[in-house]
Amino acid sequence: MQGRGNPALHNTEKKMNCPKCNTELVKKYYKGMIEVDSCPNCRGMWLDSLELDKLEDMVFNDDAHKGSLVHFQSKTDHPCPHCGASLDEFQYRLYDLKLDYCAEHDHGFWLDAGEDERVMTFMRQRSVNIQRKVDAESTWRQTLKEMHSFLRKRK
Ligand SMILES: [Zn+2]
Ligand SMILES: [Zn+2]
């Protein structure tokens, strides 16, 4: 839209900077699922769409979630590490989780430090409550995949 962010320049090997504090991101393998780019300074992390696609497929009940997953969407001043376009902020209803998403080119999304742990703690408590052996990591993995599918479909 604003002439920034040429997808032709997209290159996964190039250096990326933190959208929040501009520190150079470092690759990290996250919870045995996917490679993420994490910020050594503010400890947030970038989840790449390409990496999210590698997460195992899941049964995703579209109708149950349609329109209910996201509270709001608004533009932020934070640049996508890939293309520099302003990220959109979303709030994921179920866990009160905020994330920043590259709505322009679907490059992925950004999680602030501790957001994922907060959600995982919530999931662990919930699985205790319902007396079911649900692994918090796999529930979280599903959540990431679900959020990504959902955001992608909004286009
Ligand atoms: Zn940072
Ligand atoms: Zn982008």
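Residues numbered from 1 in each chain as written. Chains lettered and ligands numbered in written order. Predicted model: local features only at pLDDT ≥ 70, side-chain atom pairs only at ≥ 80, totals over all residues. Heavy atoms only, no water.

If you had to explain the coordination of the zinc ion (ligand 2) to someone new, which residues and values would you point to?
Each donor-metal-donor angle would ideally measure 109.5 degrees in four-coordinate tetrahedral geometry, or 90 or 180 degrees in six-coordinate octahedral geometry. Taken together, Cys80 (SG), Cys83 (SG), Cys102 (SG) and His107 (ND1) make up the full set of protein donors to the zinc ion (ligand 2), lying 2.0 to 2.4 Å away. Geometry at the zinc ion (ligand 2) is tetrahedral, judged from its 4 donor atoms and the angles of 105 to 113° they form at the metal. Here the donor residues of the zinc ion (ligand 2) share one chain and are spaced in sequence as C-x2-C-x18-C-x4-H. Here Cys83, found in the loop between strand E4 (70-79) and strand E5 (86-92), pairs with Cys102, found in the loop between strand E6 (97-101) and strand E7 (108-111); they are 19 residues apart in sequence, far enough to count as distant. Since its relative accessible area comes to 13%, Cys83 is described here as buried. (Donors = N, O, S within 2.8 Å, 3.2 Å for Na, K, Ca; no water. Tetrahedral: all angles 85-135°; square planar, octahedral: opposite > 155°, others 65-115°. Helix = DSSP H or I, 4+ residues; strand = E, 2+ residues; numbered from the N terminus. Buried < 20%, exposed > 50% of the residue type's maximum accessible area, 1.4 Å probe, protein only.)

Which residues make up the pairing of E6, and what are the values?
Burial within E6 is extensive, with 4 of its 5 residues counted as buried. Connecting E5 to the antiparallel partner E6 that follows it, the hairpin turn spans 4 residues, and Asp96 within it adopts a positive phi of roughly 55°. With 2 bridges joining them, E6 and E7 adopt antiparallel strand pairing. Bridge pairing links Tyr101 to Phe109 in E7. Counting the residues between successive antiparallel strands, the hairpin from E6 to E7 contains 6 residues, one of them, Asp106, with a positive phi of roughly 55°. (Pairing = 2+ DSSP bridges.)

Outline the coordination of the zinc ion (ligand 1), listing residues and values.
The coordination sphere of the zinc ion (ligand 1), as far as protein atoms go, consists of Cys18 (SG), Cys21 (SG), Cys39 (SG) and Cys42 (SG), spread over 2.2 to 2.3 Å. Viewed at the metal, the 4 donor atoms of the zinc ion (ligand 1) are separated by angles of 101 to 124°, and the geometry they form is tetrahedral. All donor residues of the zinc ion (ligand 1) come from one chain, and their arrangement in sequence is C-x2-C-x17-C-x2-C. Classification of Cys39 by relative accessible area gives buried; the value is 2%. Relative accessible area serves as the criterion here: at 28%, Cys42 is assigned to the partly exposed category.

Outline the packing of aromatic side chains, supporting the account with residue identities and numerical values.
Throughout the structure, instances matching the rule amount to 1 aromatic pair. Residues Phe90 and Tyr101 carry aromatic rings whose centres are separated by 5.7 Å and whose planes lie at 70° to one another, so their mutual orientation is edge-to-face. A residue pair is termed long-range when its members are at least 10 positions apart, and Phe90 in strand E5 and Tyr101 in strand E6 qualify at 11 residues. In this structure, Phe90 and Tyr101 share a single accessibility class: buried. (Phe/Tyr/Trp six-rings, centres within 6.5 Å; stacked < 30°, edge-to-face > 60°.)

Give a detailed account of the pattern of salt bridges, specifying residues and quantitative values.
Using the criterion set out here, one finds 10 salt bridges in the structure. Between Lys20 and Asp100 there is a salt bridge, and its shortest N-O distance comes to 3.0 Å. With Lys20 in the segment before strand E1 (26-30) and Asp100 in strand E6, this residue pair connects regions lying 80 residues apart in the sequence. Linking Asp112 and Lys20 is a salt bridge whose minimum nitrogen-to-oxygen distance equals 3.0 Å. Taken together, the residues span a long stretch of sequence, with Asp112 in the loop between E7 and helix H3 (115-129) and Lys20 in the segment before E1 at a distance of 92 residues. (Salt bridge = Lys/Arg side-chain N within 4 Å of Asp/Glu carboxyl O.)

I'd love a proper account of the environment of His107, names of residues and values included.
With respect to the helices and strands, the residue His107 is situated in the loop between E6 and E7. Considered as a pair, His107 and Trp46 are 61 residues apart in the sequence and their alpha carbons are 9.6 Å apart.

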